[in-house]
Amino acid sequence: MKIIIVGASGTMGKYLTSAFEKEHEIVRAASKGGDIRVDITAAESIENMYRQVGAFDSLICTAGPTYVGPWKKMTDKEFRKGIEGKLMGQINLVLIGQHYINPKGSFSLITGALSNEPQLNFANASAANGAVEAFVRAAAIELENGIRINAVSPTVIENSPHYFPFFPGDIPVTMQQLEYGFRKSIFGANTGQVIKPY
Ligand SMILES: NC(=O)c1ccc[n+]([C@@H]2O[C@H](COP(=O)([O-])OP(=O)(O)OC[C@H]3O[C@@H](n4cnc5c(N)ncnc54)[C@H](OP(=O)(O)O)[C@@H]3O)[C@@H](O)[C@H]2O)c1
């Protein structure tokens, strides 16, 4: 399978790349490096990525920039980081990618437990996650040719200990659980699902 991983240089992306590259052809994408550079906040950059990659079977996105910070300092400008990044970035990966993906292919987007369980400082990610999850359900009934779409929604992951203090009481999701959440999305039959790998 030819799998594009957008966000391949990040905490999740690095782990998923090493998990899947033994069995599959991986195209690593990120804004500052990888096999291909893509800025998901710019539709033309996404189009350019797909043009370079050509037909593919599966897209994993673990790139989802959001604003993390104090509520009282949040303005329209900060909030747009998640809207243009995690939300529109992922939506455009699907809207544009539907014209390049092979029949029976799949899109696996990233959201997070914050959509249902808010934590202080993360309102922007909560809102973006909720909208991405609604988009996934809607896109699942629109996509043709057996193309599937799911969101993987972990709580804080074990390789991000710097986030642990922001998620009191949450048992971190192991990297293996995260991997298997994506495995369910890519290799399973379901579509329109929000997969909680915990
Ligand atoms: N870490 C956690 O505990 C956790 C838990 C639940 C959900 N999440 C969500 O999962 C996602 C990934 O988390 P992570 O910890 O793996 O993040 P990370 O380590 O910061 O990695 C982010 C990746 O996305 C790429 N990226 C950032 N902005 C981009 C852009 N505009 N265009 C293309 N690529 C871009 C980065 O590479 P470049 O800098 O080169 O672009 C990097 O490869 C985030 O949306 C986060 O909200 C994280």
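Engineer: Would you mind showing me how to read the nonpolar core here?
Structural biologist: For soluble globular proteins, the rule of thumb is that nonpolar side chains tend to be buried together. Counting residues in each nonpolar core, the largest one holds 34 residues, and the members touching the most others are Val-6, Met-49, Tyr-50, Leu-59, Phe-107 and Ile-149. Where this core is concerned, the elements lending two or more residues are strand E1 (2–6), strand E2 (25–30), helix H2 (43–53), strand E4 (56–61), helix H3 (76–97), strand E5 (101–110), helix H4 (123–140) and strand E6 (148–152). With 6 residues, the single largest contributor to this core is H4. Counting residues in each nonpolar core, the second largest holds 16 residues, with Ile-3, Ile-157, Phe-182 and Ile-186 among its members.

Engineer: What is the right way to read H4 from this model?
Structural biologist: Three or four residues apart is the spacing at which side chains of an α-helix point the same way, because the helix has 3.6 residues per turn. For H4, with 18 residues, the first-to-last C-alpha span of 26 Å sits near the 26 Å given by 1.5 Å per residue. Residues of H4 that are buried: Asn-124, Ala-125, Ser-126, Ala-128, Asn-129, Val-132, Glu-133, Phe-135, Val-136, Ala-139 and Ala-140. Contact partners of the buried residues in H4: H3, E5, E6 and strand E7 (193–195).

Engineer: How do you make sense of the packing of aromatic side chains when you look at a structure like this?
Structural biologist: The geometry of two aromatic rings is summed up by the distance between their centres and the angle between their planes. One pass over the full model with this rule turns up 8 aromatic pairs. With a centroid separation of 5.4 Å and 15° between ring planes, the pair formed by Tyr-50 and Phe-56 is classed as stacked. The exposure classification of Tyr-50 matches that of Phe-56, with both residues buried. By the ring-pair criterion, three or more aromatic residues cluster together here, those being Tyr-50, Phe-56, Tyr-100 and Phe-107. The ring of Tyr-180 has Arg-183 sitting right over it, with the charged end atom 5.5 Å from the ring centre.

Calculation rules
- Residues numbered from 1 in each chain as written.
- Predicted model: local features only at pLDDT ≥ 70, side-chain atom pairs only at ≥ 80, totals over all residues.
- Heavy atoms only, no water.
- Core = buried A, V, L, I, M, F, W, Y, C linked by side-chain atoms within 4.5 Å.
- Buried < 20%, exposed > 50% of the residue type's maximum accessible area, 1.4 Å probe, protein only.
- Helix = DSSP H or I, 4+ residues; strand = E, 2+ residues; numbered from the N terminus.
- Expected span 1.5 Å × (residues − 1).
- Contact = heavy atoms within 4.5 Å.
- Phe/Tyr/Trp six-rings, centres within 6.5 Å; stacked < 30°, edge-to-face > 60°.
- Lys NZ or Arg CZ within 6 Å of the ring centre and 35° of its normal.

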